[in-house]
Amino acid sequence: MNNNPHNHSSNVLAGRVARVMNGAGNKITVLDLTDSDHIVSEDEARAIAVEPQTTFDQLMVLHAPRTEGTVALIRIYNTDGSLAEACGNGTRCVAWHLDETQGSQDTRLVETARGLLTITKPGNPLTYTVDMGTPRFAWDEIPLSEPFQDTRFIELHVGPAGDPILSSPAVVNMGNPHAVFWVDDTASIGLDKIGPMLEHHPLFPQRANISIVQVVDRQTLVMRTWERGAGLTLACGSAACAAAVSAARLRRAERHVTVHQPGGTLQIEWADNDHVLMTGPVEHERDVMLTDAIFTSVAA
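This structure is a prediction, so every number in the text was calculated from the model and none was measured.

Here's the deal with unusual backbone geometry
Omega for the bond connecting isoleucine 142 with proline 143 falls within 30 degrees of zero, at -10 degrees, which places this linkage in the cis form. By secondary structure assignment, the location of proline 143 is in the loop between strand 8 (127–131) and strand 9 (157–158). Positive phi outside glycine occurs at leucine 126, with the angle close to 55 degrees. Here leucine 126 lies in the loop between strand 7 (115–120) and strand 8. The phi dihedral of aspartate 274 is positive, around 80 degrees, even though this residue is not glycine. Along the chain, the position of aspartate 274 falls in the loop between strand 17 (264–270) and strand 18 (276–281). Given the relative accessible area of 29%, aspartate 274 is considered partly exposed.

Quick word on the nonpolar core
With 52 residues, the main nonpolar core has Val30, Met60, Leu221 and Ile268 as its most contacted residues. At 9 residues, the largest contribution of residues to this core is made by helix 4 (residues 237–249). Other than its neighbours up to four places away in sequence, valine 30 contacts Val17, Ala18, Arg19, Met21, Met60, Leu62, Cys93, Val94 and His97. Within the second largest apolar cluster, 21 residues are counted, among which are Ile142, Phe181, Ala208 and Ile210.

Things to note about the environment of proline 196
Note that proline 196 resides in helix 3 (residues 191–199). Note on proline 196: relative accessible area 28%, which makes it partly exposed. It is 35 Å that separates the C-alpha atoms of proline 196 and asparagine 273, two residues lying 77 residues apart in sequence. When residues no more than four places from it in sequence are discounted, the contact partners of proline 196 are Leu191 and Trp226.

A few points about the layout of surface pockets
Approximately 160 Å³ is the volume attributed to the largest pocket. Taken together, Arg66, Leu73, Ile74, Arg75, Ile76, Leu83, Ala84, Glu85, Thr112 and Ala113 make up the full set of residues lining the largest pocket. Breaking the lining of the largest pocket down by element, the ones donating at least two residues are strand 4 (72–78) and strand 5 (83–84). By residue number, the principal contributor to the lining of the largest pocket is strand 4, which donates 4 residues.

A word on empty space enclosed by the protein
What the rule picks out here adds up to 2 cavities of 30 Å³ or more. Lining the largest cavity are Gln58, Asn78, Ala84, Ala86, Cys87, Asn176, Asn209, Glu227, Arg228, Cys236 and Ser238. Each residue belonging to the lining of the largest cavity can be placed in one class, and the counts come to 4 nonpolar, 5 polar and 2 charged. What lines the second largest cavity is Ala95, Asp99, Gln105, Asp106, Thr107, Arg108, Ile119, Thr120, Lys121 and Tyr128. When residues of the lining of the second largest cavity are traced back to their parent elements, those giving at least two are helix 2 (88–102), strand 6 (107–112) and strand 7.

Description of the side chain of glutamate 227
With respect to the element layout, glutamate 227 can be found in strand 14 (residues 220–227). Look past the residues within four positions of glutamate 227 in its chain and what remains in contact with it is Asn26, Asp57, Gln58, Glu199, Asn209, Thr233, Ala235 and Cys236.

Regarding the pattern of salt bridges
Scanning all chains against the criterion turns up 14 salt bridges. A salt bridge links arginine 66 to glutamate 111; the shortest N-O distance between them is 3.1 Å. Of this pair, arginine 66 sits in the loop between strand 3 (58–63) and strand 4 while glutamate 111 sits in strand 6, placing them 45 residues apart in sequence. Relative accessible area serves as the criterion here: at 58%, arginine 66 is assigned to the exposed category. A residue is classified by how much of its surface remains accessible, and glutamate 111, at 10% relative accessible area, is buried. Its salt-bridge partner being arginine 207, residue glutamate 199 comes within 2.8 Å of it at the nearest N-O pair. Judged by its relative accessible area of 21%, arginine 207 falls in the partly exposed class. Through salt bridges that share partners, Glu42, Asp43 and Arg46 make up one connected network.

Reading guide: rules and limits
- Residues numbered from 1 in each chain as written.
- Predicted model: local features only at pLDDT ≥ 70, side-chain atom pairs only at ≥ 80, totals over all residues.
- Heavy atoms only, no water.
- Helix = DSSP H or I, 4+ residues; strand = E, 2+ residues; numbered from the N terminus.
- Buried < 20%, exposed > 50% of the residue type's maximum accessible area, 1.4 Å probe, protein only.
- Core = buried A, V, L, I, M, F, W, Y, C linked by side-chain atoms within 4.5 Å.
- Contact = heavy atoms within 4.5 Å.
- 1 Å grid on protein atoms, 1.4 Å probe; cavity = no way out; pocket = protein on both sides within 12 Å on 5 of 7 lines; lining within 4 Å.
- Points joined across faces, edges and corners; volume = space filled by probe spheres on them.
- Nonpolar A, V, L, I, M, F, W, Y, C, P; charged D, E, K, R; others polar.
- Salt bridge = Lys/Arg side-chain N within 4 Å of Asp/Glu carboxyl O.

This is how it looks when you write it as structure tokens:
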């Protein structure tokens, strides 16, 4: 096997099967490298994202487990090739792939840059629950570039100071940084224009996922997300967790809510042990064989 990822004539990933899936509309591609020591490069991830048949919001690359009790180590790539620490929708898709390839299990433990994540089945077909861990609220854990003692709302606005389009977001780290803005109507905000600016705002040294959220009632949120490194997305699991936790901190909603996103619906529970549980669907769309041609644009 040729392990040089920059050898165009025989890329190590050529011949591998990419599983194209979605989690509540979040575009996920799963690549199983548990039998290989190859680490996908940013260029290779971007090449897979550019290919129409395998394009993704997140690429979930499975490696052999390195921690006792886990079934896989997952590296997560965004569309632009950057690494993400967490992707709840993608983790559910991984669980389905593992059920298909390793046999069904009620509980699995996987490792990501976020830490160890437990995946369970609530009983419904093609539905999984991911324990996304505990939220982090301290300004330097999110992280922000300057101190804010109360991260339930911070001083940040878009538009005229007297009549801002967006203002006073809640900020939280759910394995990655999130800013949550409260709006009356998610459809009225040009998130495709505002999202890129806020993602790269100097306040967010590691960039941030930007969400606009409408509180329908104490059990229901509607939201849209500009995802760091991926752009507008039909769903973002960690953003749904961030919105649910932020709404509960502000007493706008209960600790168990239904979150509606353009691509689907998630159930989010901020449990008594401080862990955030995300339950939602997965859908397998197709399997695609990766070819050398996909990687011909990879820079040598």
